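For reference, the chains in residue letters:
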Amino acid sequence: MNAALVLIGLLVLGQADNTAKKAPEPAEVAAAAAKNEELAVKVRALVKQLDANQSAQRDTAEKDLVGLGSDVLPLLPVVNNRTPAEVRNRLARVRAALLKIAVEAATKPATVSLDGEMLTSEAFKKISEQTGNKFVDYRARFNQEDDPKLSDPKIKVSLKNVTFWEAVDTVLDAAEFSLYDYDDEAEALAYTAREANAIKRTGHAFYAGLFRLEPSRIEAVRNLKNTSSSSLRLTVDAAWEPRVRPIVLQQPLADVTAKDESGNSLTFDGAQGEPEVPVEGTNAGVEIDFMLNAPTRSVKKIASLKGKLMATVLGRVETFEFPDLDKAKQVEQERGGVTVIVDECRKNGEIFDVSMRVRFDKATNALESHRGWIFNNECYLLDPKGNRIEQAGIEAELQDVNEVGLSYKFDLGDAKSAAGYKYVYKTPAAIIRIPVEFELTDIDLP
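Thresholds, definitions, all that
Chains are numbered independently. Their residues run from 1 in the order of the written sequence. Note on the predicted model: pLDDT of at least 70 is required for a residue's local features to be given, and 80 or more for side-chain atom pairs to be given and counted; whole-chain, interface and lining totals, by contrast, use all residues. Think of the side-chain values as coming from all heavy atoms in the structure, minus any hydrogens and water. Put simply, DSSP H or I for four residues or longer makes a helix, DSSP E for two residues or longer makes a strand, and each gets a number counted from the N terminus. Computed with a 1.4 Å probe, the accessible areas rest on the Shrake-Rupley method; for each residue, only the protein chains presented here act as cover. Two distance rules govern patches: like charges are joined within 9 Å, and nonpolar side chains (Val, Leu, Ile, Met, Phe, Trp, Tyr) within 5 Å, applied only to residues with over 30% relative accessible area and no salt bridge. The salt bridge definition used is simple: a Lys or Arg side-chain nitrogen within 4 Å of an Asp or Glu carboxyl oxygen. Charge assignment in this entry is limited to Lys and Arg as positive and Asp and Glu as negative, and neither His nor the chain termini are counted. Where a charge sits is defined by one atom per residue type, namely NZ (Lys), CZ (Arg), CG (Asp) or CD (Glu). When a residue's accessible area, from a 1.4 Å probe over protein chains only, is under 20% of the maximum for its type it is buried; when over 50% it is exposed; and in between it is partly exposed. Fitting a line to C-alpha atoms yields each axis, with helices limited to the stretch in contact; the angle taken between N-to-C directions then spans 0 to 180 degrees. Roughly parallel means an angle under 35 degrees; roughly antiparallel means over 145; roughly perpendicular covers 65 to 115; every other angle is labelled oblique. Each crossing is labelled by how the near helix is turned from the far one, with a counterclockwise turn of less than a right angle marking it left-handed and a clockwise turn marking it right-handed. Any two residues whose heavy atoms approach within 4.5 Å are treated as being in contact. Residue classes follow a fixed rule: Ala, Val, Leu, Ile, Met, Phe, Trp, Tyr, Cys and Pro count as nonpolar, while Asp, Glu, Lys and Arg count as charged, and any other residue, Gly among them, counts as polar. Any two strands between which DSSP finds at least two bridges are classified as paired. Polar contact is defined as a pair of N or O atoms within 3.5 Å, subject to the rule that within protein one atom must be able to donate a hydrogen and the other to accept it, and that residues adjacent in sequence are counted only when both atoms are side-chain atoms. One less than the number of residues in a helix, times 1.5 Å, gives the span that helix is expected to have. Among buried residues, those of type Ala, Val, Leu, Ile, Met, Phe, Trp, Tyr and Cys that are joined through side-chain atoms within 4.5 Å constitute a nonpolar core.

Engineer: Hey, could you go over the overall build of the chain for me, with residue numbers and the actual values?
Structural biologist: When helices and strands are counted, the chain shows six helices and 24 strands. Taken as a whole, the chain presents about 22,500 Å² of accessible surface, with 48% of it coming from carbon and sulfur.

Engineer: I'd love a proper account of a negative patch on the surface, names of residues and values included.
Structural biologist: Together, Asp 255, Glu 274, Glu 276 and Glu 437 give the surface a local cluster of negative charge. You can call Glu 276 partly exposed: its relative accessible area is 33%.

Engineer: An account of the packing of helix α3 (residues 55–67) against helix α4 (residues 85–107) is requested, with residue identities and associated values reported.
Structural biologist: Two elements in contact, α3 and α4, have axes whose closest approach is 9 Å; the angle formed by their N-to-C orientations is 25°. The pairing of α3 with α4 is recorded here as roughly parallel in orientation. In the crossing of α3 with α4, the sense of the turn from one axis to the other is right-handed. Where α3 approaches α4, its residues Ser 55, Arg 58, Asp 59, Glu 62, Leu 65 and Val 66 are matched on the opposing element by Glu 86, Arg 90, Arg 93, Val 94, Ala 97, Leu 98 and Ile 101. When the residues that make up the contact of α3 with α4 are grouped by side-chain class, the tally is six nonpolar, one polar and six charged.

Engineer: Give me the lowdown on the pairing of strand β18 (residues 351–360), citing residues and values where you can.
Structural biologist: The element β18 is extensively covered by neighbouring structure, given that eight of its ten residues are classed as buried. As paired elements, strand β17 (residues 338–348) and β18 share ten bridges and run antiparallel to each other. Looking at β18, one finds that Val 338 is bridged to Phe 360. Here β17 folds back onto β18 in antiparallel fashion, the turn holding two residues, of which Gly 349 has a positive phi close to 70°. As judged from the eight bridges shared by β18 and strand β22 (residues 403–410), these two strands associate in the antiparallel manner. Paired with Phe 352 across the two strands is Phe 410, which belongs to β22.

Engineer: Could you give me a rundown of the side chain of Asp 137, with the residues and numbers involved?
Structural biologist: Looking at where Asp 137 falls in the secondary structure, it is placed in strand β2 (residues 134–137). At 2.7 Å, the side chain of Asp 137 and the side chain of Arg 139 are in polar contact.

Engineer: So what's going on with the pairing of β2? Residues and values would help.
Structural biologist: Burial along β2 is two-sided: Lys 134 and Val 136 facing one way and Phe 135 and Asp 137 facing the other are all buried. Examined bridge by bridge, β2 and strand β5 (residues 188–193) share four bridges and lie parallel to one another. Its bridge partner lying in β5, Lys 134 is registered against Ala 188.

Engineer: Explain unusual backbone geometry to me, and be specific about the residues and the numbers.
Structural biologist: As a rule of thumb, non-glycine residues mostly have phi less than zero, and peptide bonds are mostly trans rather than cis. With a phi angle near 60°, Glu 176 is a residue other than glycine that sits in the positive phi range. Take Glu 176: it is sitting in the loop between α6 (164–175) and β4 (177–179). Overall, Glu 176 belongs to the partly exposed group, its relative accessible area being 47%. The phi dihedral of Asp 442 is positive, around 50°, even though this residue is not glycine. Position of Asp 442 relative to the elements: it lies in strand β24 (residues 431–444).

Engineer: Can you break down α6 residue by residue, with the values?
Structural biologist: Relative to the 16 Å expected for twelve residues at 1.5 Å per residue, α6 spans 17 Å between its end C-alpha atoms, a close match to the ideal helical length. Among the twelve residues of α6, nine are classified as buried, and the element is accordingly described as predominantly covered. A positive backbone phi angle near 60° is found at Glu 176, which sits one or two residues after α6.

Engineer: Now, about the pattern of salt bridges: what can you tell me, with residues and values included?
Structural biologist: One pass over the structure, following the stated rule, counts 28 salt bridges. Among the salt bridges present, the one from Lys 301 reaches Asp 442, with a minimum N-O distance of 3.9 Å. Here Asp 442 lies in strand β24 and Lys 301 lies in strand β14 (residues 301–314), a separation of 141 residues in the sequence. Under the relative-accessibility criterion, Lys 301 is labelled partly exposed at 24%. What you see here is one network of salt bridges that share partners, running through Arg 58, Asp 59, Glu 62, Glu 86, Arg 90 and Arg 93.

Engineer: Residue-level account of the sheet that holds strand β7 (residues 211–221), with values.
Structural biologist: Spatial strand order, β6-β7-β8-β13: four strands in an open sheet with antiparallel pairing. Edge strands, defined here as strands with exactly one partner in the open sheet, are β6 (206–208) and β13 (285–293). In this sheet, neighbouring strand axes are inclined to one another by 30° on average, regardless of whether the strands run parallel or antiparallel. Bridge analysis of strand β8 (residues 231–240) against β13 gives nine bridges, and the strand direction is antiparallel. Along β13, the bridge assignment pairs Ala 238 with Val 286.

Engineer: Got a sec to walk through the nonpolar core? Specific residues and values, please.
Structural biologist: Of all hydrophobic cores here, the largest spans 64 residues; its most connected members are Leu 114, Leu 213, Leu 234, Phe 290, Ile 302 and Leu 305. It is α6 that contributes the most residues to this core, seven residues altogether. Membership of the second largest hydrophobic core comes to 33 residues, among which are Phe 320, Leu 325, Phe 352 and Tyr 425.

Engineer: Account for the environment of Glu 332, with residues named and values stated.
Structural biologist: Of note, Glu 332 is situated in strand β16 (residues 331–335). Measuring from C-alpha to C-alpha, the distance between Glu 332 and Asp 343 comes to 8.4 Å, with eleven residues separating the pair along the chain.

Engineer: Explain the environment of Val 43 to me, using residue names and the numbers behind them.
Structural biologist: Within the secondary structure, Val 43 sits in helix α2 (residues 26–49). Setting aside residues up to four positions removed in sequence, Val 43 forms contacts with Leu 65, Leu 68, Val 72, Leu 75 and Leu 76.

Engineer: Go over the sheet that holds β4 with me, naming the residues and quoting the values.
Structural biologist: Consider a sheet: its strands pair through backbone hydrogen bonds, and that pairing is either parallel or antiparallel. Reading across from one edge, β2-β5-β4 is the order of the three strands in this open sheet, with mixed pairing throughout. The two strands at the open ends of the sheet, each matched to only one other strand, are β2 and β4. If you compare each strand with its neighbour and ignore which way they point, the axes differ by 40° on average. Inspection of the sheet shows β4 paired to β5 by three bridges, in the antiparallel sense. Bridge pairing links Leu 179 to Tyr 191 in β5. In this fold helix α5 (residues 120–131) packs onto β2, β4 and β5, with an angle of close to 150° to the strand it touches most, β2. Along the sheet, α6 makes contact with β2, β4 and β5, crossing β4 at roughly 140°.

Shown next as structure tokens:
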């Protein structure tokens, strides 16, 4: 399953692989474009008003821009040396306010309401529309689509303002479906038919805001020569709404407590540690292992396991554009807590190297041991005709606590220079830490 944080997902549903990727109708595209242009016109007028003669007009424009919501973030102009100081300061405040709104929206758990009898595909569609989380049908990949019973079961549900995960589990159980944990879908969950003898998902998980935690495996190891070294490994599946993009989960063991059915405390192996679980690729879930010292054989279950995870999540993606690439030297743009600097573009044989840096105001450790995510940021060139040219390679040049230096390689064919080319770079503009409190109960020991 995947991440990531960014953070407002597309309202798209996949009833099957082909429908999940179905292109929008021309009328829908035209309507969306018209709506976006209308918003852009309004933003340009308000930005112009930020430099009005009267202070009251400037205050009103600033307030109205914030009132439009975080959708206007990509429509705000880039600040440069020609931007008036008054406009620059007000735009900075507007960006900060809108970024805060975007972060709050992204980290707020979605809720779902469903009622009545409906096809499973309709239930998934309604969940997607209400939460921004997508679904993809993987049954064809496992030759499960031929069973008429599994095609599109009709289910009956009654849910009012429940969490996303509670709604998903209810629908999956009603349709006898399951999630596939190893999909490669970005910002989506893949589902399959449920395996024989698999237990229901409802009643076995803890819902913690954006997250769902469920014990999945427990293993006891007893050293027959030395009873003091016997151990117990509890594996917990942690999943999150796919519209967000975590890059690492940390589990401070000092914040975890466990008790048996008699109320006695169970101890942890390395209780002062803080294990980290990196999130790889597009996964929307990971496994977290809790290592306990094995209790006596009279203990039959872990009655309660309480803890608090810290999830480091990537925020809203911002787009940075640098025209006239051949003239871009030490050019920087800043917005929403991140600064992108293009140091230079130089021709190296048949390849053009674009040296750049990405600097965060607060990277919250995300650029130290778990910086791999930054190599997945979108980066490309637009030639003078607007054609997109993908990067042909990437090389790390600088690694610091809050800053990374990168060199992107581009093959421009017979071009003698990068004159007329535009450099486009996209990166999350904020890195957020979210606490995830949980309690798992009644876990039977082997």
